[in-house]
Amino acid sequence: MSTLVFLEHHGGVIQKGALGVLARALALGGDVAGVVVGHGVADAAASAGAFGATTVYVVDDPAFEAPLPQPRVDALEAVVAASGAENILFASSVLSADIAAGLSARLDAGLNWDVTDVRIEGGQLIGKRPALGDTVLVDVGWTSTPRIALVRSGAFEPVETGGSATLHDVAVTLQDFSTAAQIVEQAHEQASGPSIEDADVIVAGGRGLGTADGFRLAEELAAALGGAVAATRAVVDAGWYPYATQVGQTGKSVSPKLYIALGISGAIQHKVGMQNSGVIVAINKDPNAPIFDFADFGVVGDLNQVAPKLAELVRARTA
Amino acid sequence: MTETEPTGAPFPHQVFAADVRAADYPPPFSSAEVIAGPTDAPDERIEVGVLIVGGGPAGLACAIRLGQLIEEDPATAERLGEVPVALVDKGKQPGSHLLSGAVMNPRAVRRLFRGRPEQLEGVPTYGEVPGEGVYLLTRKRALRIPPPPTLRNHGNWIISISQMCRYLAEQAEVGGTFVLPETAADRLLVDHGRVVGIRSGDKGRGKEGEPLGNFEPGSDIVAGVTILAEGTAGHLTGAALDHFGLNGREPQIWELGVKEVWRVPKPLRRIVHTMGWPLRKPARYREFGGSWLYPMGDEMISLGFVVGLDYRDLELSAHDLLQEFKTHSFVRAILDGGERVAWGAKTITSGGWHAMPRSLGAPGLLLAGESAGLVDLARLKGVHYAIESGRLAAEAAFRSLQRGENPGRIGAFDGYDAEVRNGYLGKSLREVRNMRQAFEKGFFVGGGLASAMTVSKGKFPPKEFHNEPDAAAPLLRTDRASRYPAPDGVLTFDKLSSVFASGNRTRDDQPDHVRIERKVPRDVAEMWAWMCPAQVYEVGEDDGDGTVEVKLTPSNCVQCGAITARGGRLTPPEGGSGPEYTLT
């Protein structure tokens, strides 16, 4: 079975989610290759070698400078033809979702999206997909090849293996309609510290922080741990923290190694966005808060006292 | 003012009249703002022959019947244009916003599929009602009582309205209807006194209404005939009734139902209705309602609790009443070892005959199903009324589009109006026309009057009853909420996890679609917070002048419509928002 993993990159750095999918694909066995599309991306492509990719297809052309989906559908079509890949895996992102959908239409291939795991059973690729608001997991399959899957962000961790990749250049002819769209302007949100999708440590704040000002506690603790700050829907709604930091059903799904929840009750709408975290620590004054049902460590107490003390201890340790 | 409870009553003895009414704090909304002429350039409008608003049983029956008529009469069909029939629905997919008990009288669906046995056999059901029991509950006991004649369901079918209408939507599409889900009907297009279609809602607007990156403006969808089949508390229906002066003799009123579907280890072999506990019987509380338990095959049970929205106690919560109801030993025994698999809430139009629109049509416009007020609350039936009225509306619309006819003529739809009122729909509604209002006199007096009305087919008592709008109920406070059980996550659930179970995953950063007065007395704010099954309202800061600020979380909303009954106004959010019911 041969598998192709789309290695999305930004500014020459392959995304963590894509490397996670690569690690999973390697674990499944068979021929696994990566594909990098862009302009001046040879170094980025080579860097995938350290994460176990032995073969990386490279489509390198000024036409792929802008992160537009349609030209990449042409590129992927050419790479699929060149490699004869049977499985094409994407880590979910705005760009990858567009490409996967376009490729699915182009190749008349089945696409399973929001997949949280893939495995091989009886020689068949089987995906696992949460349904009915993550309350049940269903197995999904494909009736023909190639099979396309869009993997939920944060589902797999990258595995550093060391090693180097052989790069294969693929030439692509763009369709006329693929060059119709242009990017006029790109604006980046000013972010300090890591984004919550990439952070290994997240300190998240909820209603229990009391006021928008209360987020200083979360920021202080996050700074001490080198982590990012996230928020619940309730506090984003109240305007205490930006929407980009919202974790949960209608926000982002995150899977840091450590998730510290300050004053978060743990409603299921929040839980589904962070339940894949490694270690969950909850600090809440209400001993009946649902979050204690799924936290690994819990502190029932006043977070105004616990959080600063914790930050102080962390700083003392790391100093 | 304080009143004293009769001794032995399960509630605290103090009753405080708050003496405020939600109706005194009207929402910032006027029907006029959603009535407009077309704004798109003529060549950008979407033109259809007949436009149906709402993919419930009424709208889908209408679409199916139109498909049949088109097949039978190609000459008229040609006059309907390239898109002869289109149906818009605000849900994610057909059935997403549909919730009902439901035990359906199959009469109307048989008529709809007359001569088409394969289509009739395909209707998904859980079979005929296998038997039934009606119980009067007290806190500790369940007393079996003889079913009142209105609650005899022999021969009726048990269905999930969401499942059935997914099937009906497929049949409508087979018949040529263009079904457009995720499309909210935002405005009613009226040109020179005639309804000419709707404008669909914008998509991709932010909290303050600003266009986001994925902004997509709505479109004018113009049609020869527009049929409103919006179901309960319909957005354009309310506006159309105001605009054309069609509101009924009595103000429309509603009940609120909260429903769960359970997977259970042992089958329930009959349908069950209960009255009484946890509702209170004295008239001054105006707590009218009851429960249902219906088997859905051997493995699932549909259960729900319904309560009239003219209640007075500001801590009344239909969701929590259902949770409380499940703790009764009678119900616990049925659910024992089971697991909740779905939850939802919806209002039911309950004004009956007296609150029906004065006319079921206006130039270019027809009303069907609950938009026409067609629910028989005494018999707990609405689905077959919806299907039958949808079918009749299709025939009226089709007739009006034949050569020589004009759907924009005043009185063009009088024939439809007469068919509904004089047919079995109107006849049975007329018989029970005073029943709901009688229950404002309390459980026992109301029950007695109801029996008299049933026996006399509505002739006794001879007087006609009146009712106030639900929002006019003077509020009371009796510490009712202290009796609601604390959610245990097994038998009883809180509102937020229930909203999750409804499949709702609405985008948070869209404009507020619930219109309410944001500064109200604390009693009104608390009443909304308790009333809402989906935790949309929260009592905010005291403003220091006797009012509080009401905070909203509109993305929790499952669009049940209760706020429209109780002093606010529900408008449709972005198409595709809200619950995603599949089993309800």
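Rules and cut-offs
Residues numbered from 1 in each chain as written. Chains lettered and ligands numbered in written order. Predicted model: local features only at pLDDT ≥ 70, side-chain atom pairs only at ≥ 80, totals over all residues. Helix = DSSP H or I, 4+ residues; strand = E, 2+ residues; numbered from the N terminus. Rg over C-alpha atoms; globule rule 2.2 N^0.38 Å. Buried ≥ 20, exposed ≤ 12 C-beta atoms within 10 Å, placed from the backbone. Contact = placed C-beta atoms within 7 Å. Pairing = 2+ DSSP bridges. Domains from an automatic or database assignment. Nonpolar A, V, L, I, M, F, W, Y, C, P; charged D, E, K, R; others polar. Core = buried A, V, L, I, M, F, W, Y, C linked by C-beta atoms within 7 Å. Axes fitted to C-alpha atoms, helices over the stretch in contact; angles between N-to-C directions. Expected span 1.5 Å × (residues − 1). Parallel < 35°, antiparallel > 145°, perpendicular 65-115°, else oblique. Left-handed = near helix turned anticlockwise from the far one by under 90°.

**Student:** How would you summarise the overall build of chain B if you had to cite specific residues and measurements?
**Tutor:** The number of helices and strands found in chain B is 17 helices and 28 strands. Taken against the 2.2 N^0.38 rule, which gives 25 Å for 584 residues, the C-alpha radius of gyration of chain B at 23 Å falls within 12% of a compact globule. Relative to its 584 residues, chain B shows a buried fraction of 55%. Summarising the internal contacts of chain B: among those between residues at least 6 apart in sequence, 78% fall at separations of at least 24.

**Student:** An account of the pairing of strand β8 (residues 142-145) of chain B is needed here, citing residue identities and associated values.
**Tutor:** Residue and element names in this part refer to chain B. Here four bridges tie strand β7 (residues 132-137) to β8, and the two strands are oriented antiparallel to one another. Bridge pairing links Leu136 to Leu143 in β8. Hairpin connection from β7 to β8: four residues lie between these consecutive antiparallel strands.

**Student:** Give me the lowdown on the domain arrangement of chain A, citing residues and values where you can.
**Tutor:** All names here are of chain A. When cut into domains, chain A gives domain 1 (2-179) and domain 2 (201-318). On a C-alpha basis, the centres of domain 1 and domain 2 stand 33 Å from each other. Listed per partner, the contact involves four residues of domain 1 and five residues of domain 2. Of the residues belonging to the side of domain 1 that touches domain 2, the class tally is no nonpolar, two polar and two charged.

**Student:** Tell me about the environment of Arg249 of chain B, and name the residues and values.
**Tutor:** The topology assignment puts Arg249 of chain B in the loop between α6 (235-243) and β16 (254-263). Given 12 C-beta atoms within 10 Å, Arg249 of chain B falls into the exposed group.

**Student:** I'd like to hear about the interface of chain A and chain B, residue by residue, with values.
**Tutor:** Facing 10 residues of chain A, the contacting portion of chain B comprises 11 residues. Those elements giving two or more residues to the side of chain A that touches chain B turn out to be α6 (233-237) and α7 (268-274) of chain A. Residues belonging to the side of chain A that touches chain B are distributed by class as follows: four nonpolar, four polar and two charged.

**Student:** If you had to explain the nonpolar core to someone new, which residues and values would you point to?
**Tutor:** Membership of the largest hydrophobic core comes to 173 residues, with the highest contact counts inside it found for Val50, Cys62, Ile227 and Leu366 of chain B. Among all residues touching Cys62 of chain B, those that are not within four sequence positions of it are Ile52, Ile227, Ala229, Ala368, Gly390, Arg391, Ala393 and Ala394 of chain B. Listed in part, the 52 residues of the second largest apolar core include Ala23, Phe90, Leu103 and Ala165 of chain A.

**Student:** Give me the sheet that holds strand β19 (residues 300-308) of chain B: which residues, what numbers.
**Tutor:** Residues and elements named next belong to chain B. In spatial order, the strands read β8-β7-β17-β18-β19-β16-β20; together these seven strands make up an open sheet with mixed pairing. Among the strands making up the open sheet, the edge pair consists of β8 and β20 (339-349). Recorded for the sheet is a direction-independent mean angle of 20° between the axes of neighbouring strands. Both β16 and β20 contribute to a ladder of 10 bridges, which runs antiparallel. Among the inter-strand pairings, Gly257 is bridged to a residue of β20, identified as Lys346.

**Student:** Which residues make up the sheet that holds strand β25 (residues 519-521) of chain B, and what values go with them?
**Tutor:** Residues and elements named next belong to chain B. The antiparallel open sheet is built from three strands, whose spatial order is β25-β27-β26. In the strand order of this sheet, the two ends are held by β25 and β26 (537-542), each with one partner. Neighbour-to-neighbour, the strand axes of the sheet open up by a mean angle of 50°, direction not taken into account. When β25 meets strand β27 (residues 547-552), the two strands line up antiparallel, connected through three bridges. Directly across from Pro521, in β27, lies its bridge partner Thr547. Of the strands in this sheet, β25, β26 and β27 touch helix α16 (residues 522-531), which is tilted by about 155° from β26.

**Student:** Describe helix α10 (residues 383-400) of chain B, and please don't skip the residues or the numbers.
**Tutor:** Taking 1.5 Å of rise per residue, the 18 residues of α10 of chain B would be expected to cover 26 Å, and the 26 Å separating its terminal C-alpha atoms lies within 8% of that figure. Most of α10 of chain B sits inside the fold, with 16 of its 18 residues counted as buried.

**Student:** With reference to specific residues and values, describe the packing of helix α5 (residues 215-225) of chain A against helix α8 (residues 303-318) of chain A.
**Tutor:** Residues and elements named next belong to chain A. Contact geometry of α5 with α8 gives a least axis separation of 9 Å together with a crossing angle of 20°. For the element pair α5 / α8, the angle class is roughly parallel. Crossing geometry of α5 relative to α8 is assigned as left-handed. Along its contact with α5, which presents Leu217, Glu220, Leu221, Ala224 and Leu225, the element α8 presents Leu303, Ala307, Pro308, Leu310, Ala311, Val314 and Arg315.

**Student:** Run through the packing of helix α1 (residues 57-72) of chain B against helix α5 (residues 161-174) of chain B, naming residues and quoting values.
**Tutor:** Residue and element names in this part refer to chain B. Two elements in contact, α1 and α5, have axes whose closest approach is 9 Å; the angle formed by their N-to-C orientations is 25°. In terms of orientation, α1 lies roughly parallel with respect to α5. The handedness of the crossing between α1 and α5 comes out as left-handed. Judged by residue contacts, Pro57, Leu60, Ala63, Ile64 and Gly67 of α1 engage Ile161, Cys165, Leu168, Ala169, Gln171 and Ala172 from α5. A breakdown of the residues in the contact of α1 with α5 according to their chemical character gives nine nonpolar, two polar and no charged.

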